[in-house]
Amino acid sequence: MKEKNNNRLIAIIILLVIALLATSGYIIYDKVIKKEEVTKEKVTPKEEQQQPVTRNTTKEEQTILLDQITAYTTYFADSYPITEETPLDNWEALSFATIQLENSFSDFMESDLEKVLEQYFGKNHPYIHADINCFAGDGVLYKYDSAKRTYTYQDIHAHGGRTAFRPTIYILEGIVKDDTTYEVTTQILYANNAGDTMGPRERYYITANKTPTTEEYEDCILGPYGVEHEVTEEEYQSIKDQIPITTFTFEKDEDNNYGLKSVTIA
């Protein structure tokens, strides 16, 4: 009987020791080991923190962006700069899009114009469909029908086309941030404007002016040459410090459109 009591006492002691060890182990894990693990998770070395992916534009991307920059600059360079505070006018965007259509000065569908707007301003562009007035101020050029989603050309304008700028664009750098934001820094020279009659590019300016005065015509940075003249690399290098830096920012969407977001001049 005495031996049974001793065995029972020993078993109880062993159970108490096991319980004590288990409790102590949990306290050590919860208060010390687990706390150290949480601290390690919170304190990540700077080199291990994820940095934004930045790279230079590829040749293919640069070709696409240069084509778009040339198109923007040819038709609405006098609207630069473009920011959230000073966006491109809705009429200007729609008018620009009609020029990019293959069958300009004819009827077309809303979807045709929408493709151009998406290509140049992104899938989520802010521009809305509406009548497109003539640049000369003599009425509607394209009548918009929201029910049929069509644009009808109004053949009542007995005059030539709008003024176009003739830019020579030098890309200084193209940077891609996070695979969606593209930033292209450029310098731009503007030849004398093209209108109904297109004379030779015989003088160059550092700003775009749709209707320059006689004095401004004379105030060119290169020229006048009197004949068609393409700026040489030597000429560009001699004046580049006087040319403003124009930066174009794009956002690439899921359909691979490079939508223009801003144009800044410094």
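Just above sits the structure.
First, a word on scope: everything that follows refers to the structure included in this document. (Residues numbered from 1 in each chain as written. Predicted model: local features only at pLDDT ≥ 70, side-chain atom pairs only at ≥ 80, totals over all residues. Heavy atoms only, no water.)

### Overview of the overall build of the protein
A count of helical and extended segments in the protein gives six helices and 10 strands. Expressed as a percentage of its 266 residues, the buried residues of the protein come to 34%. Nonlocal contacts in the protein, meaning residues at least 24 apart in sequence, comprise 56% of its contacts between residues at least 6 apart. Of the roughly 16,900 Å² of accessible surface on the protein, 53% is carried by carbon and sulfur atoms. (Helix = DSSP H or I, 4+ residues; strand = E, 2+ residues; numbered from the N terminus. Buried < 20%, exposed > 50% of the residue type's maximum accessible area, 1.4 Å probe, protein only. Contact = heavy atoms within 4.5 Å. Areas by Shrake-Rupley, 256 points an atom, 1.4 Å probe, with all protein chains shown as cover.)

### Let's talk about the environment of L189
Within the element layout of this structure, L189 appears in strand β7 (residues 181-194). Between the C-alpha atom of L189 and that of T207, which follows or precedes it by 18 residues, the distance is 7.3 Å.

### A word on the nonpolar core
By size, the foremost hydrophobic cluster in this structure holds 40 residues, and its most contacted members are Y72, Y80, F121 and F250. Ranked by size, the runner-up nonpolar core spans nine residues in total, among them L189, A191, I239 and I243. (Core = buried A, V, L, I, M, F, W, Y, C linked by side-chain atoms within 4.5 Å.)

### Brief notes about the sheet that holds strand β3 (residues 132-133)
The four strands are arranged β2-β5-β4-β3 in an open sheet whose pairing can be described as antiparallel. The open sheet is flanked by β2 (108-109) and β3, the only strands paired with a single partner. (Pairing = 2+ DSSP bridges.)

### Section: the side chain of T57
Along the chain, the position of T57 falls in the loop between β1 (54-56) and α2 (59-76). A polar atom in the side chain of T57 sits 3.3 Å from the side chain of Q62. T57 has contacts with Q62, L65, G174, I175, V176 and Y182, leaving out every residue within four places of it along the chain. (Polar contact = N/O pair within 3.5 Å; in protein donor to acceptor, adjacent residues only side chain to side chain.)

### As for α2
The end-to-end C-alpha separation of α2 is 26 Å, in line with the 26 Å expected for 18 residues at 1.5 Å each. Every buried residue of α2 is accounted for by E61, L65, Q68, I69, A71, Y72, T73, T74 and F76. (Expected span 1.5 Å × (residues − 1).)

### Points about the pairing of strand β10 (residues 258-265)
One ladder, built from seven bridges, connects strand β9 (residues 246-252) with β10; its direction is antiparallel. Bridging from a neighbouring strand, F248 pairs with V263 of β10. Counting the residues that bridge the hairpin from β9 to β10 gives five residues, and of these N256 lies at a positive phi of roughly 65°.

### Some thoughts on unusual backbone geometry
Note the cis peptide between Y80 and P81, where omega equals 0°. Tracing the backbone through its elements, the reader meets P81 in the loop between α2 and α3 (90-100). A positive phi angle is found at R149, which is not glycine, with a value near 55°. Relative to the helices and strands, R149 resides in the loop between β4 (140-145) and β5 (150-153).

### Quick look at the pattern of salt bridges
Per the counting criterion, the structure on display carries eight salt bridges. Here K123 and D255 are joined by a salt bridge, their closest N and O atoms 3.4 Å apart. Highlighted residues: K123 in the loop between α4 (110-121) and β3 and D255 in the loop between β9 and β10, separated in sequence by 132 residues. Note on K123: relative accessible area 35%, which makes it partly exposed. Note on D255: relative accessible area 41%, which makes it partly exposed. One salt bridge connects E183 with K177, and the closest N-O pair in it is separated by 3.7 Å. (Salt bridge = Lys/Arg side-chain N within 4 Å of Asp/Glu carboxyl O.)

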